[in-house]
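Fold and geometry: a report
The chain contents come next:
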Amino acid sequence: MSKWVWLNGQLVEREKAAISVFDHGILYGDGVFEGIRFYDRKVFKLDEHIDRLFNSAKIIMLEIPISKDELKKAVLLSCRESGLANGYIRPVVTRGSGALGLAPWRCSNPNIFIIVDTLQLYPQELYDNGMPIVTVATRRNIPEALNPMIKSLNYLNNIMAKIEAKNAGAEEAIMLNHDGYVAECTGDNIFIIRNGVIYTPPVYAGSLPGITMSTVIELAAGMGIKTVEKMFTRAEVYTSDECFLTGTAAEVVPVISVDGRIIGDGAPGVLTRKLVDAFKDYTRKSGTPVE
Ligand code: PMP
């Protein structure tokens, strides 16, 4: 873990990094965040993550008081000072301290902080042998209420689904949208493969536009594999040839069963394995150097 947290322009010792209990990020989940990885001292898809952070902020009308370039520099500095070669970066922008009551315009300056740490989301065994997942009853937020394309500090929808998954003995869960179509998992995008074609739900199904997802789609295209964005149901997942999840924290995870239905032959699929390898290779080759 890094000794430092970047907080409003300064590196502060981890234990001393603090923000007010009156910050609306804490009181109401009013704020936005990102999750970014760095590999071999290179930050993966930095521009894409910073763009998505600013987009999330724009949707909730939160003006980030520094420029994209300044934030990128702060991210790179935070990585450098962590002394780590590989890790996970968490930039957060809150609405700032304000009076009780929802009104965001009664808040002072947003707080910006960046945490750098190591992260292994799941045990290696699940990457090697694949992960069993379940569908949970908690539906993904409807876009008309709280659009899943906003990476906001309000992640309770996903946390409730994660708890349900845990109660059912699984590490990850499929979340359906309000119409019953597969949207995404609690912290990952989902893909199925049938007859050599990859399918993933479109963002309007109710999912976050994943940066790992677009990377995997590009890598697949480079391997001559087509990806189609379309709505699908649980039944289509059960009968798919292969299934996998993508996310910055999770990376690419093969899925071997869904709600007790074995996917393919119950082992990570051939194309999934190829994509896992291609992704790993690509993460080591690309990225913004931390210095
Ligand atoms: N869906 C949700 C709900 C997420 O929180 C995330 C990020 N962890 C993803 C999908 C994957 O997005 P990305 O690949 O950009 O990390």
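All figures in this text were calculated on a predicted structure; none of them were measured in a lab.

The rules behind each value
- Residues numbered from 1 in each chain as written.
- Predicted model: local features only at pLDDT ≥ 70, side-chain atom pairs only at ≥ 80, totals over all residues.
- Heavy atoms only, no water.
- Helix = DSSP H or I, 4+ residues; strand = E, 2+ residues; numbered from the N terminus.
- Rg over C-alpha atoms; globule rule 2.2 N^0.38 Å.
- Buried < 20%, exposed > 50% of the residue type's maximum accessible area, 1.4 Å probe, protein only.
- Contact = heavy atoms within 4.5 Å.
- Lys, Arg positive; Asp, Glu negative; His and termini not counted.
- Charge placed at Lys NZ, Arg CZ, Asp CG, Glu CD.
- Salt bridge = Lys/Arg side-chain N within 4 Å of Asp/Glu carboxyl O.
- Phe/Tyr/Trp six-rings, centres within 6.5 Å; stacked < 30°, edge-to-face > 60°.

1. Observations regarding the overall build of the protein chain
Of the regular secondary structure elements, the protein chain holds eight helices and 17 strands. Taken against the 2.2 N^0.38 rule, which gives 19 Å for 291 residues, the C-alpha radius of gyration of the protein chain at 19 Å falls within 12% of a compact globule. Each of the three principal axes of the protein chain carries a C-alpha extent, and together these read 55 × 40 × 30 Å. The buried share of the protein chain, taken over its 291 residues, is 52%. Relative to all contacts within the protein chain whose residues are 6 or more apart in sequence, the contacts with residues 24 or more apart total 70%. If you average the places of the 31 positive and of the 34 negative side-chain charges in the protein chain, the two averages end up 1 Å apart.

2. Re the pattern of salt bridges
Applying the stated rule across the entire model yields twelve salt bridges. Ionic pairing is found between E34 and R52, a salt bridge with its closest N-O pair at 2.8 Å. Here E34 is found in the loop between β3 (31-33) and β4 (36-39), whereas its partner R52 is found in helix α2 (residues 46-59), with 18 residues between them in sequence. The buried category is assigned to R52, whose relative accessible area is 9%. With a shortest N-O distance of 3.9 Å, R37 and E251 are connected by a salt bridge. Within this pair, whereas R37 is found in strand β4, its partner E251 is found in strand β15 (residues 251-258), the two being separated by 214 residues in sequence.

3. Looking at the packing of aromatic side chains
Summed over the entire model, instances satisfying the criterion amount to six aromatic pairs. Ring geometry for F44 against Y282: centres 5.8 Å apart, planes inclined by 80°, an arrangement best described as edge-to-face. In this pair, F44 sits in the loop between β5 (42-43) and α2 while Y282 sits in helix α8 (residues 270-285), placing the two residues 238 residues apart along the sequence. Look at F44 and you get buried, because its relative accessible area is 5%. The class of Y282 is partly exposed, set by a relative accessible area of 23%. The interplanar angle of 10° and the centroid separation of 4.7 Å between the aromatic rings of F191 and F244 together place this pair among those described as stacked. On the criterion of sequence distance, the pair formed by F191 in strand β11 (residues 189-194) and F244 in strand β14 (residues 242-247) is long-range, its members being 53 residues apart.

Purely geometric stuff here, so don't read any function into it on its own.
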